[in-house]
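Below, each chain spelled out in residue letters.
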Amino acid sequence: MIRVKIMGGLGNQMFQYAALRTMMLKYHTNGEMCLDGLSNTGHAVYSLNHFHIADNVKLSSQKMKKLENLIFRIYEKKLASKKYSYSFICKFNYICNLFGFYFIPDGYCKFHFSFRKNIDMIGYFQSEQYFKEYGDLIKAELMVKEPVLEQNQTLLKNINETESVCVHIRRGDFVNSVHQICNIDYFEKAIHVMNDEL
C-alpha cells in the first residue's frame, strides 16, 4: 500500500495524486489518499472528486504517523531552507526512501527503491519528473468528469476557435506571500511575448 497525504489547494492535490499514481504503477500496488491535512471549508478542501480517480485509490481520514509528520515539518522548515544544498537534501531523501518515507516539500529529488511494502508520501511533488513516465495515463485520469456547463459553452467555443491564452494570477500569493512575487513588468512583458507569438 502506498499512501500520500493530500494537502493544499487543487493544484497541490493534483501533483500529489500524480506522484501517488506513479509509485502505485511502479510498485504494482494500491494507493490511499489521507485527507487529514485538509479542512471542510476554504481553500484546502478535497477537490479531486471531480476527476477520474483510479478505482484502486481509496480515501482515508486516518492520520499519517506522528514520526512522518514530524520529519516532514523538520524537512520543510530546516532542510529546505537555502542554507542546505540541493545535493544534501537529495541524500537525506535517499535515506528516507530506503525506509519507505518520501518527503518532498519543494523541488525535485529522484525517488529511490524502498525495502518496505508500505510507503508513505508527504510533500507537494511539484515537478513533471515525478509522473512523466506515466504522464498520458495520469493526465487522462485528471480530466474533469462533469460536462462543461451550458453558460460556459460559448466561451469554450471561442477558446477552441482562436489562439487563446489564459492568465492565472494567484492573488493569495500577493496578499500573504511565502513565494517570490512577480512585479507588474513581468506580466506586461509576458503579454507582449504572447502578442508577438500569436
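Position numbers for residues start from 1 in each chain and track the written sequence from start to end. Whole-chain, interface and lining totals are the exception, using all residues; otherwise, since this is a predicted model, local features are given only for residues with pLDDT of at least 70 and side-chain atom pairs are given and counted only at 80 or more. The side-chain figures draw on all heavy atoms in the structure; neither hydrogens nor water molecules are used.

(A) Geometry of the side chain of Gln 13. Secondary structure elements are defined from DSSP: runs of H or I of at least 4 residues count as helices, runs of E of at least 2 residues count as strands, and each element is numbered from the N terminus. Mapped onto the elements, Gln 13 comes out in helix H1 (residues 10-27). Pairs of residues are marked as contacts when any of their non-hydrogen atoms sit within 4.5 Å. Among residues more than four places away in sequence, those in contact with Gln 13 are Ile 6, Met 7, Gly 8, Leu 38, Val 45, Tyr 46, Ser 47 and Leu 48.

(B) A look at the nonpolar core. Core analysis: the largest hydrophobic core is formed by 30 residues, its most contacted members being Tyr 17, Met 33, Leu 48, Val 57, Phe 111, Met 121 and Phe 125. It is H1 that contributes the most residues to this core, six residues altogether. Setting aside chain neighbours within four positions, we find Met 121 in contact with Ile 2, Arg 3, Val 4, Lys 5, Ala 19, Leu 20, Met 23, Met 64, Tyr 102 and Phe 111. Grouping buried Ala, Val, Leu, Ile, Met, Phe, Trp, Tyr and Cys residues that are joined through side-chain atoms within 4.5 Å yields what is termed a nonpolar core. Residue burial is assigned from relative accessible area. The probe radius is 1.4 Å, only protein chains are included, and a residue is buried under 20% of its type maximum, exposed over 50%, and partly exposed in between. Counting residues in hydrophobic clusters, the runner-up holds nine residues, among them Met 64, Cys 96, Phe 103 and Tyr 124.

(C) Region of interest: the sheet that holds strand E5 (residues 119-123). Any two strands with at least two DSSP bridges between them are considered paired. On the basis of which strands lie adjacent, the open sheet formed by five strands has the order E3-E2-E1-E5-E4 and parallel pairing. Edge positions in the sheet fall to strand E3 (57-60) and strand E4 (101-104), since each of these pairs with one other strand and no more. In this sheet, adjacent strand axes meet at a mean angle of 20° when their direction is disregarded. Examined bridge by bridge, strand E2 (residues 31-34) and E3 share four bridges and lie parallel to one another. From the neighbouring strand, Met 33 faces E3, where its bridge partner is Leu 59. Angles here are taken between N-to-C directions and fall from 0 to 180 degrees, while the axes themselves are lines fitted to C-alpha atoms, restricted in helices to the stretch in contact.

(D) Highlighting the pattern of salt bridges. Just to be clear on terms, a salt bridge is a Lys or Arg side-chain nitrogen sitting within 4 Å of an Asp or Glu carboxyl oxygen. Enumeration according to the criterion identifies seven salt bridges in this entry. The salt bridge involving Glu 32 is made with Arg 3; its shortest N-O contact spans 3.7 Å. In this pair, Glu 32 is assigned in strand E2 and Arg 3 in strand E1 (residues 2-5), connecting sequence segments 29 residues apart. One salt bridge in this structure joins Lys 26 and Glu 133, with 3.5 Å as the shortest N-O distance. Taken together, the residues span a long stretch of sequence, with Lys 26 in helix H1 and Glu 133 in the loop between E5 and helix H4 (135-141) at a distance of 107 residues. Judged by its relative accessible area of 41%, Lys 26 falls in the partly exposed class.

(E) The confidence of the model for the protein chain, seen in detail. Confidence of the predictor in every single residue is expressed as pLDDT, which spans 0 to 100. In this model, the protein chain carries a mean pLDDT of 84, and residues with pLDDT of at least 70 account for 87%. Ranking the helices and strands of the protein chain by mean pLDDT puts H4 first, with 97, and helix H6 (residues 171-175) last, with 64.

(F) Highlighting the environment of Asn 56. Mapped onto the elements, Asn 56 comes out in the loop between E2 and E3. Each C-alpha atom of the pair Asn 56 and Asn 30 lies 5.3 Å from the other, and the pair is 26 residues apart in sequence. With residues near it in sequence (within four places) discarded, Asn 56 still touches Arg 21, Met 24, Thr 29, Asn 30 and Gly 31.

(G) Up close: unusual backbone geometry. One non-glycine residue, His 28, adopts positive backbone phi at about 55°. Within the secondary structure layout, His 28 lies in the loop between H1 and E2. The class for His 28 is exposed, based on a relative accessible area of 74%. Even without a glycine there, the phi angle at Phe 125 is positive, about 50°. Here Phe 125 is to be found in the loop between E5 and H4.

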